[in-house]
Amino acid sequence: MSTQPDRFYPLAIAATALTVYSTSLGGNLVFDDVAAIQENRDVRPSSSLLNLFLNDFWGTPLQKEQSHKSYRPFTVFTFRLNYAVHGLQPLGYHVINVLLHALVCVLYYRLCFLFLPRVVSFVAAILFSVHPIHTEAVAGVVGRAELLSAVFFLSALSHYVRLIQRQKHVGWRCCIETAALAVCGTLCKEQCLTVLVVCAVYDLLSMKVSNLTHLRQCVPLDRGLMSLWIRKSVARIGFLGLTALLMIGIRFNLMGPHLPLFNRFDNPASVSPFPTRHLTFSYVLSVNAWLLLFPCDLCCDWTMGTIALITSVGDPRNISTLCLCVVLVILLRSSWLSEDSQRVPLFMALFLSTVTFLPASNLLFYVGFVIAERVLYLPSMGFCMLVAIGWAHLWQDRRLKGLALVGFILLVIAHGTKTAVRNREWASDETLFSSGLRVNQKNAKLHNNLGKVLEKQAQYEEALQYFQQAIRIQPDDIRGYLNSGWLFTLMKKYQEAELVYLKAKSLLPQSSRLKSSEARVTQTHLQLFLNLASLISRNHTRLEEADALYQEAIKLRSDYTGAYVNRGDFLMKINRTKEAEAMYEQALQFDTHNPDLYHNLGVLLMDQNKNQEALTMFNRALEIDPDHEQALVSSAILIQESDMALHHKKLASERLQKIVDGGKQNELIYFNLGMLALENKDTRGAEQWLKKALQIRPNLRSALFNLALLLSEDGRPLEAFVYSKRLLQIQPDHVKGLILMGDIYAGHFEDLGAAEECYKKILQSDPANIQGLHNLCVVYYRRQQLVEAEACFQQAHLKSPDTEYIRQHLEITRHQLQQLAARDEKKDPLKNINVARDPALLQQISPSPTIR
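Please read these numbers as outputs of a predicted model, since none were measured by experiment. (Residues numbered from 1 in each chain as written. Predicted model: local features only at pLDDT ≥ 70, side-chain atom pairs only at ≥ 80, totals over all residues. Heavy atoms only, no water.)

1. Thoughts on the confidence of the model for the protein
The predicted model of the protein has a mean per-residue pLDDT of 86, with 90% of residues at 70 or higher. Of all secondary-structure elements in the protein, the lowest mean pLDDT belongs to helix H11 (residues 212-215), at 40, while helix H5 (residues 90-112) reaches the highest, 97. (pLDDT = per-residue confidence, 0-100. Helix = DSSP H or I, 4+ residues; strand = E, 2+ residues; numbered from the N terminus.)

2. With respect to the side chain of arginine 80
Along the chain, arginine 80 turns up in helix H4 (residues 73-86). Buried charge without a salt bridge: arginine 80, with aspartate 42 as the nearest opposite-charge side chain at an N-O distance of 5.9 Å. Polar side-chain contacts of arginine 80 include one of 3.0 Å to the backbone oxygen of proline 45. Arginine 80 has contacts with Asp42, Val43, Arg44, Pro45, Ser47, Ser48, Leu49 and Leu52, leaving out every residue within four places of it along the chain. (Buried < 20%, exposed > 50% of the residue type's maximum accessible area, 1.4 Å probe, protein only. Lys, Arg positive; Asp, Glu negative; His and termini not counted. Salt bridge = Lys/Arg side-chain N within 4 Å of Asp/Glu carboxyl O. Polar contact = N/O pair within 3.5 Å; in protein donor to acceptor, adjacent residues only side chain to side chain. Contact = heavy atoms within 4.5 Å.)

3. Topic: unusual backbone geometry
Comment: phi is negative for the bulk of residues other than glycine, and the bulk of peptide bonds are trans. Look at the link from phenylalanine 274 to proline 275: it is a cis peptide, with omega at 0 degrees. Tracing the backbone through its elements, the reader meets proline 275 in the loop between helix H12 (228-255) and helix H13 (276-293). A positive phi is found at phenylalanine 31, a non-glycine position, where the angle reads about 55 degrees. Along the chain, the position of phenylalanine 31 falls in the loop between helix H1 (3-21) and helix H2 (32-38). The buried category is assigned to phenylalanine 31, whose relative accessible area is 17%. Even without glycine at this site, lysine 681 takes up a positive phi of about 65 degrees.

4. Some thoughts on the packing of aromatic side chains
Tallied over the entire structure, the rule returns 22 aromatic pairs. Geometrically, the ring pair formed by phenylalanine 31 and phenylalanine 433 is edge-to-face, given 5.4 Å between the ring centres and 85 degrees between the ring planes. With phenylalanine 31 in the loop between H1 and H2 and phenylalanine 433 in helix H18 (residues 429-439), this pair connects stretches of sequence that are 402 residues apart. Under the relative-accessibility criterion, phenylalanine 433 is labelled buried at 4%. A ring pair is formed by phenylalanine 57 and tryptophan 58, whose centres lie 5.0 Å apart and whose planes are at 75 degrees; its orientation type is edge-to-face. On the accessibility criterion, phenylalanine 57 (1% relative accessible area) is buried. Of the aromatic side chains, those joined through ring pairs into one cluster are Phe8, Tyr9, Tyr109, Phe113 and Phe122. The aromatic ring of phenylalanine 57 is capped on one face by arginine 72, whose charged end is 5.0 Å from the ring centroid. (Phe/Tyr/Trp six-rings, centres within 6.5 Å; stacked < 30°, edge-to-face > 60°. Lys NZ or Arg CZ within 6 Å of the ring centre and 35° of its normal.)

5. Remarks on the side chain of aspartate 591
As for its placement among the helices and strands, aspartate 591 is situated in the loop between helix H27 (577-590) and helix H28 (595-607). The charged side chain of aspartate 591 is buried without a salt bridge, its nearest counter-charge being arginine 41 at 4.0 Å. Looking at aspartate 591, its side chain comes within polar contact range of the side chain of asparagine 594, at 3.3 Å. Here aspartate 591 is in contact with Arg41, Lys64, Thr561 and Leu597, once residues within four sequence places are set aside.

6. A closer look at the environment of valine 142
Residue position: valine 142 is located in the loop between helix H7 (135-139) and helix H8 (144-166). Separated by 113 residues in sequence, valine 142 and leucine 29 have C-alpha atoms that sit 9.3 Å apart. Ignoring sequence-local partners within four residues, the contact set of valine 142 consists of Asp32, Asp33, Ala36, Phe57 and Phe79.

7. Structural notes on the pattern of salt bridges
A complete count under the given rule lists 34 salt bridges for this structure. The salt bridge partner of glutamate 425 is arginine 422, with a shortest N-O separation of 2.6 Å. You can see glutamate 425 and its partner arginine 422 sitting in helix H17 (residues 401-425), 3 residues apart, about one turn around the helix. In this structure glutamate 425 comes out as buried when scored by relative accessible area, which is 18%. Since its relative accessible area comes to 1%, arginine 422 is described here as buried. The partner of glutamate 687 in a salt bridge is lysine 691, and the shortest N-O contact between them spans 2.8 Å. Of this pair, glutamate 687 and lysine 691 both sit in helix H33 (residues 683-696), separated by 4 residues, roughly a single helical turn. A residue is classified by how much of its surface remains accessible, and lysine 691, at 28% relative accessible area, is partly exposed.

See the structure below:
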């Protein structure tokens, strides 16, 4: 009978977690997921596995100053496994997160069962499984760091506690196994290192000096007596402490000479003086506690002005800080005075809540956020344990048993419903940021983020309103100005864009101050210079001014590759290719694994007709990132337009096909696939690709012309006529289109009048066009207007004396005139002359490669 609860409780807990978080499975990659997964090259299988241990969580080398310094290689490795199976499809990432949360809930139940009765442990685990504070950790894919670290945290703590309770095998092997699990968890997220502290605390709590069993084991040590149990406990605690110190030392060594730098807007209190800093951070502790107690108003971002700074002791919000302190003191006192059977669970619950939160509390060191709900994943374990212990007291009272049961059920339903609804808010960036603004309307970052979402949807006016609101809320943050300026540029309001950029530039610290400390220069500062330079360069009279801004950005941060790339692009546009090449090469000195740089060098070499060298650069970019879209397109176009071997042509098709297989729908890619199919004599494939291109862009002239030509040569003049007519409606003077239309009229419809109009229209816009003139001559001949035909052929021969077929047709016409009197001639030697087609008629128009 006892085995049934053992099976039922874990299954019920896992089922509850899976059910509640199933609403997160339809979500996209949102917010930080984009940077951590979609834009992180370390997630791609092409990146070396070694990079996982050299780069931070976002794919930036740890040694670089701009690195966030978050080190979670095991978490990134799981993203990499997801990507290897299903690419960037979000469902798989969410499935793994939900399964991990269910696993954590079961492990948490087993940990609680080491201290608490089975029913109380079940209550704690159920509350943990449905708590809304966990939505960010589970519904947000980057929250996997919390989930994985929690798995190792619970495994390490449970293993250590279980062995201590059994009083067997608690020697060095126990410590090594616990430390190994802690190290693995720390490689998922740094917060897991606190498990060593919690284990040490439990070891101290488990000392029973008064226990007769241990008194019998007393042994002499120097001048006194010490219990063998205490000696071993001190040794274990020392080992765990040394392990923690060693991990911290290695961690600092990996970070390099630079500590993580955070924007003052992300954590305003960290740059505030005493007592503002201390009062605000203390108040933030009470806000986190409130979120655990009443998770009604949840938000994905609590930075900037969300929590106003507390500048004086008289601020009424300090009362909540005092209340939290009083509650903690009462809990500690109650724990100390409680019975032996309850003392350890209460202390463990308190330490689980507090010790695991310390790394994110800003009390030991500053972090890059004010509040982050996902960091409460581990602390909430202690909180849920405290609630379950309190619930147990009600449950044990017969008068309150019914109330306890009803209250528990209502709380689970309320939390579960809130969690299910909150999961849907994480479905997309728009729903996420909109929900955040309903809670924190004073957060300029949320306004900027929602504005960027609307900008991508081409809702420019609505986006501008959010950017301007961000500026009103935080007038000293240049990000709102940057976004507004960029949006004005997209709207072609260049004057307004420049005014916004200049306003933002006036907010920056003086250049002399910036140069004295590169740490003050952020990418946002540099992006302002780059955006302003790009805008100014539109005016050809201000090119020098634009170049000066690019150079200033490089001086401010000599290792910022974006400045070199942007200046290189600018120099390319003004045909200063040697200087542009030097910019890209300088950038490669700081970032040898940047595929964009190799791609841009390839474009530069392609413009210089150094096709083989250009292809080498494109291939190098694809070695680093096989999915690099621009390199795939540019290399395919290079192969298509050059006289490379047939196997290269096949490679070009494969690269373009890879983009299509990835879900990209682009008319120019379809067009080039069609042209490659034509070169391979695959007319059916070519027709399909060209039609796909026209489905996306019906007025793509090159596709219309080549599809009409293909259909004409395939003996389908009526279909060819439809596409030719569409082409000429878009561009009435399209020379090759007119030639083809004339060919269709003359060769298929026998409408020589319509054909004549086509050829004359060509000659009106281009009198020197030999093809149009010759075909007009053929029309005259087929009408038996031999005099006009001879004069026409004569004119064509004078303009192009080396064209053999014109000379032959002229001679035939003259011979026909000489034999005109002889009516008995039965065969017309030119009757079957078809309208000649220029070998170059097959037009291949490819998009110029773009530089990222």
